[in-house]
Amino acid sequence: MKLSVPMVAFLLVSLLTVNAWSAQGKKSTMQKQAFGKTDDGQQMDLYTLTNAKGMEVAITNFGGTIVSIKVPDKNGNIADVLLGYDDVSGYQGGKAYFGATIGRYGNRIAKGKFTLDGKTYTLPQNDGVNTLHGGTKGFSQRVWTAKDVSSPAGQALQLTYLSKDGEEGFPGNLSVKVVFTLANTNELKIDYSATTDKDTVLNLTNHSYFNLSGKGEGDILGTELTLHASKFTPVDATLIPTGELRAVKGTPFDFTKSTAIGARINQDDEQLKLAGGYDHNWVLDAGKTVALHLAAQAYDPTSGRELEVLTTEPGIQFYTGNFLDGSIHGKGDKVYNKHAAFCLETQHFPDSPNHPKFPTTELKPGQRYHTMTVFKFLTK
Ligand code: GLA
């Protein structure tokens with residue numbers, strides 16, 4: 001048989017595509033299954049993205065939540081490294097924010113108030129006197145619209161949500177898009193974008209709780225952490241930044257060199273005591289960037305699993321699950337105790353709308369909010 005030029009070109013393109021989608025002989029896929037109903041009877045879905053290496057990421061449209069991340073250890077054994085629940089009922093009304101997309105404002109806003117263009121906005125106070133993670137019904141409790149946007153770059157799930165003007169007290173109709181892409185390099189990329197029709201403030205993040213030993217076993221105190229940050233933002237008794245950017249050098253907050261999370265967590269340090277462990281924003285040395293920069297590395301010496309966090313954001317909240325107290329029964333009825341997991345929430349600094357010297361979180365009509373974060377998994 002004689003092959004024409006277009007036929008050869010077609011065959012070549014097909015071969016390349018198949019290769020990109022099925023390195024190592026496996027095929028990357030996306031599957032959809034039922035994930036239970038919300039209290040008001042809406043059926044939620046779970047989308048499972050698999051790459052050619054067998055890494056698996058499951059995301060639900062309830063709260064834009066990453067439900068599980070299954071990755072190999074140094075011996076190739078695959079386990080789920082996220083805390084969470086078996087179905088949507090656990091996530092509803094949950095106070096831990098396991099795996100959720102957080103908005104409109106990740107972290108705290110002091111006393112539920114901020115002023116923008118001379119107008120004071122009042123938000124729900126759902127964390128003592130402060131607003132936490134977008135208020136009483138933030139993005140983690142909303143139903144998102146899902147769409148498969150997979151490409152040769154990987155299986156990709158797009159979630160969109162329209163937050164109406166005045167929702168949880170924030171101004172402007174805000175149109176939000178979050179795209180989760182699982183690449184064959186074992187990288188999960190989260191791409192956030194948003195537009196508004198009125199001046200507003202915005203700080204989106206993901207609240208995954210990682211335990212690299214898998215299945216939420218034990219605690220994370222032996223996990224070795226590096227944070228590419230030489231300063232952090234100390235807090236007051238309600239965990240609101242004082243405004244100071246304090247050097248980490250000589251303090252238990254210095255993770256510029258890989259250090260076990262538990263090595264200094266119980267030291268007699270005012271900041272550690274205020275938070276019951278680590279629950280602070282680190283000021284990333286790279287600042288706010290257009291391209292991704294390496295913000296953090298976490299390595300579990302027992303399993304050999306390593307997580308790298310790359311972001312375009314100027315800050316990262318390192319939280320050691322201080323509020324987990326054994327009262328939550330998660331996946332497979334697992335009890336989650338204090339320090340069962342850590343979070344690395346890429347973000348702008350907490351309470352920025354009340355700190356003019358912090359990098360701005362304002363978004364205006366005509367502008368496009370855009371940030372990216374990557375969770376990359378390796379073994380050593
Ligand atoms: C963030 C906060 C913590 C806590 C958790 C959720 O990490 O900084 O103080 O509220 O979310 O429990």
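Look above for the structure.
In this text the structure is predicted, and so the values were computed from the model without any measurement.

A.B. asks: Looking at this model, I keep getting lost on the site of the ligand. Mind explaining?
C.D. replies: With respect to spatial proximity, 13 residues lie near the ligand, and among them Arg 108, His 133, His 207, Asp 279 and Glu 345 are the closest. Between the ligand and Arg 108, the relevant distance is 2.6 Å, taken from an oxygen atom to a side-chain nitrogen or oxygen of the residue. Between Gln 317 and the ligand, the recorded distance is 3.3 Å, taken from a side-chain N or O atom to an oxygen atom. With the chains in place, 96% of the 300 Å² that the ligand exposes on its own is no longer accessible.

A.B. asks: Could you clarify how one ought to interpret the pattern of salt bridges in this entry?
C.D. replies: Once their charged atoms are close, side chains differing in charge can pair, the charge on each being opposite to the other. Counting across every chain of the model gives 14 salt bridges. Where Asp 165 meets Lys 198, a salt bridge forms, and the shortest distance between an N and an O atom there is 2.6 Å. Placement of Asp 165 in the loop between β12 (155–163) and β13 (174–182) and of Lys 198 in the loop between β14 (187–196) and β15 (200–201) is noted, with a sequence separation of 33 residues between them. Accessibility expressed as a relative area gives 39% for Lys 198, which makes it partly exposed. The shortest N-O distance in the salt bridge between Lys 380 and Glu 306 comes to 3.6 Å. A residue pair is termed long-range when its members are at least 10 positions apart, and Lys 380 in the segment after β29 (369–379) and Glu 306 in strand β23 (residues 305–311) qualify at 74 residues. Owing to a relative accessible area of 7%, Glu 306 belongs among the buried residues under this scheme. Among the charged side chains, a salt-bridge network with shared partners connects Arg 142, Glu 167 and Glu 168.

A.B. asks: I keep staring at the sheet that holds β14 and nothing clicks. Help me out?
C.D. replies: Neighbouring strands of a sheet are bound in pairs by backbone hydrogen bonds; such pairs are parallel or else antiparallel. Strands sit in the order β11-β12-β13-β14-β29-β23-β22-β17-β20 across an open sheet of nine strands; the sheet is antiparallel. Each end of this open sheet is capped by a strand with a single partner; those strands are β11 (145–148) and β20 (259–260). Where β14 meets β29, eight bridges bridge the pair, whose relative direction is antiparallel. Bridge pairing links Asp 191 to Met 372 in β29.

A.B. asks: Sorry if this is basic, but what is going on with the sheet that holds strand β4 (residues 65–72) here?
C.D. replies: With respect to topology, five strands assemble into an open sheet ordered β1-β2-β3-β4-β5, the strand pairing being antiparallel. A strand with exactly one partner marks an edge of an open sheet, and here the two such strands are β1 (29–37) and β5 (78–80). In this sheet, neighbouring strand axes are inclined to one another by 20° on average, regardless of whether the strands run parallel or antiparallel. Of the strand pairs in this sheet, β4 and β5 are connected by three bridges, and their pairing is antiparallel. Bridging from a neighbouring strand, Val 71 pairs with Ala 79 of β5.

Cut-offs used in this document
- Think of each chain on its own: its residues are numbered from 1, step by step along the sequence as written.
- Per-residue local features are limited, in this predicted model, to residues with pLDDT of at least 70; the limit for side-chain atom pairs, both in listing and counting, is 80 or more; totals at the level of whole chains, interfaces and linings are taken over all residues.
- Excluding hydrogens and water, the side-chain figures rest on all heavy atoms present in the structure.
- Distances are taken per atom, and a residue is near a molecule or strand as soon as one of its heavy atoms is within 4 Å of it.
- Two N or O atoms count as a polar contact when they lie within 3.5 Å, although within protein this holds only if one can serve as hydrogen donor and the other as acceptor, and sequence-adjacent residues are included solely when both atoms are side-chain atoms.
- In these tables, accessible area is a Shrake-Rupley quantity obtained with a 1.4 Å probe, and a residue counts as shielded only by the protein chains included in the view.
- Any Lys or Arg side-chain nitrogen located within 4 Å of an Asp or Glu carboxyl oxygen qualifies as a salt bridge.
- Helix numbering and strand numbering both begin at the N terminus, where a helix is a DSSP run of H or I of at least 4 residues and a strand a DSSP run of E of at least 2.
- Summary of the burial criterion: residues with accessible area below 20% of their type's maximum are buried, those above 50% are exposed, and those between are partly exposed, where the area comes from a 1.4 Å probe applied to protein chains only.
- Note on pairing: DSSP must find at least two bridges between two strands before they are called paired.
- Fitted lines through C-alpha atoms give the axes, limited to the stretch in contact for helices. The angle between two N-to-C directions lies from 0 to 180 degrees.

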